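# Report on the structure
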Amino acid sequence: MTASLLHWLQSEQAGHILKAVILLLAGFVVAGATSRAVSRFCSNNFSQHHIVLFKRLVYWLLLALFIASALKQLGFSLSVLLGAAGVLSVALGFASQTSASNLISGLFLIGEQPFQLGDTIKVGNTTGEVLSIDLLSVKLRTFDNLYVRIPNESLIKSEMTNLTRFPIRRFDLLLGVAYKENIAQVRQLMLQVADNNPLCLDEPVPMFLFLGFGDSSLNIQFSVWSKRENFRDLRNSLQEEIKQAFDLAGIEIPFPQRTVHLAQQPDSSATAPAQK
């Protein structure tokens, strides 16, 4: 048995298998090193999204070349493999039209770039940070640390809001004050609160809008701007500070009220005709 093993190791077939194994190992090493080099080279010229795509493309392309060379060493005909791959691709295309639609939608998303890695987007009722942008789907992490996968076709067909695309955001505070309050005093007080809040930007300037007369209050919109990373802190602090300022100034924020009038029914005994 030892003699037959030695004879097999010295045969041409063993040499081809050894070369194929070496090519596969070299393929993993070269593909990994080249993809990392591409990532470092593109770090200053491209977005993180494109860097990830280039890195994956280079890795799998180089690895596919080494795998093809290894198969050739084992005696496989590349023309036959390419033909079989073409037939298989057509069959898979007909069998998985949804995946093909997601793939095409993913190419549109890559070209259009409505968002990038790290952006916070809202799709339907789902809001989260973009973890990865793949050819078939986009992965999000929600604020309560849930992992959500959204097919690319759904992103193309539905409305998507990028909450972190621009460096500043506007917070619109809607509230109402009692009819007895002085609107000019309310305006001055709210502008003073915004001026004292360090998270509120001076430019664009805060905006006070008197929306009209509601059922129980004078309706107001107060809009202020902040840097996107400070938006949540500004929203919390501004509302708290306005409530405190209103309490100190004696300004009332009314709750809905209804006045009910009961109609008095006529006395039936007084109006009824006399019975004979």
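This section reports on the structure supplied with the text. Throughout, a residue's number is its position along its own chain's written sequence, starting from 1. A pLDDT threshold of at least 70 governs which residues receive local features in this predicted model, and a stricter bar of 80 or more applies before side-chain atom pairs are shown or counted, although totals over entire chains, interfaces and linings include all residues. Calculation of side-chain values draws on the structure's entire complement of heavy atoms; hydrogens and water are dropped beforehand.

## What about the pattern of salt bridges?
- A pair is scored as a salt bridge if a Lys or Arg side-chain nitrogen falls within 4 Å of a carboxyl oxygen belonging to Asp or Glu. All told, the structure shown has 6 salt bridges when counted by the stated rule.
- Put simply, glutamate 153 and lysine 157 hold a salt bridge, and the shortest N to O gap is 2.8 Å. Residue glutamate 153 and its partner lysine 157 are located together in helix α6 (residues 152-157), separated by 4 residues, close to a single helical turn.
- Burial classes follow relative accessibility: with a 1.4 Å probe on protein chains only, a residue under 20% of its type's maximum area counts as buried, one over 50% as exposed, and anything between as partly exposed. The class for lysine 157 is exposed, based on a relative accessible area of 66%.
- Close ionic contact of aspartate 247 with lysine 243 constitutes a salt bridge, the shortest N to O distance being 2.7 Å. Residue aspartate 247 and its partner lysine 243 are both found in helix α8 (residues 231-249); the two are separated by 4 residues, about one turn of the helix.
- What makes lysine 243 partly exposed here is its relative accessible area of 42%. Think of it this way: any DSSP run of H or I at least four residues long counts as a helix, any run of E at least two long counts as a strand, and we number them from the N terminus.

## Details of helix α7 (residues 183-196)
- For a helix, the expected span equals 1.5 Å multiplied by the number of residues minus one. Helix length check: α7, at 14 residues, gives a terminal C-alpha distance of 20 Å against a target of 20 Å (1.5 Å per residue), a fit within 8%.
- Listed as buried for α7 are Ile183, Val186, Leu189, Met190, Val193 and Ala194. Summarising the axial view, the buried residues of α7 lie within an arc of 135 degrees, below the 170-degree limit, and thus occupy one face. Those residues of α7 that are exposed and angled more than 90 degrees off the buried face are Gln188, Asp195 and Asn196.
- On its buried side, α7 packs onto β6 (168-177), β7 (207-213), β8 (218-227) and α8.
- Between N or O atoms, a polar contact is any pair within 3.5 Å; within protein, one atom must be a potential hydrogen donor and the other a potential acceptor, and residues adjacent in sequence are included only when both atoms are from side chains. Put simply, asparagine 182 is the residue that caps the front of α7, since its side-chain oxygen is 2.9 Å from the backbone nitrogen of alanine 184. The arc refers to the directions leading from the helix axis to the C-beta atoms. Working rule for contacts: check all heavy atoms of both residues, and any pair within 4.5 Å makes them a contact.

## Here's the deal with α8
- Helix length check: α8, at 19 residues, gives a terminal C-alpha distance of 27 Å against a target of 27 Å (1.5 Å per residue), a fit within 8%.
- Looking only at α8, the buried set comprises Phe231, Leu234, Ser237, Leu238, Ile242, Ala245 and Phe246. The buried side chains of α8 occupy one side of the element, clustering within an arc of 165 degrees when seen end-on.
- One or two steps after α8, the chain reaches glycine 250, where phi turns positive at roughly 75 degrees.

## Quick word on a nonpolar patch on the surface
- Like charges within 9 Å and nonpolar side chains (Val, Leu, Ile, Met, Phe, Trp, Tyr) within 5 Å are joined into patches, using only residues over 30% in relative accessible area that form no salt bridge. Values of accessible area rely on a 1.4 Å probe in the Shrake-Rupley scheme; residue burial ignores everything except the protein chains shown. Together, Ile17, Val21, Leu25 and Leu74 line one region of the surface with nonpolar side chains, adding up to about 330 Å² of accessible area.
- With respect to the helices and strands, valine 21 occurs in helix α2 (residues 12-42).

## Quick look at the sheet that holds β8
- Strand order across the open sheet formed by 3 strands is β6-β8-β7, with antiparallel pairing between neighbours. Edge positions in the sheet fall to β6 and β7, since each has one partner strand and no second. The average angle at which neighbouring strand axes cross in this sheet is 20 degrees, direction not considered.
- In this scheme, strands are said to pair when DSSP sees at least two bridges between them. One ladder, built from 6 bridges, connects β7 with β8; its direction is antiparallel. Within β8, the position partnered with phenylalanine 210 by the bridge is isoleucine 220.
- Only the contacting stretch of a helix is used when fitting its axis, a line to C-alpha atoms as for every element, and angles between N-to-C directions run 0 to 180 degrees. Sheet strands touched by α7: β6, β7 and β8. Its angle to β8, the strand with the most contacts, is close to 15 degrees.

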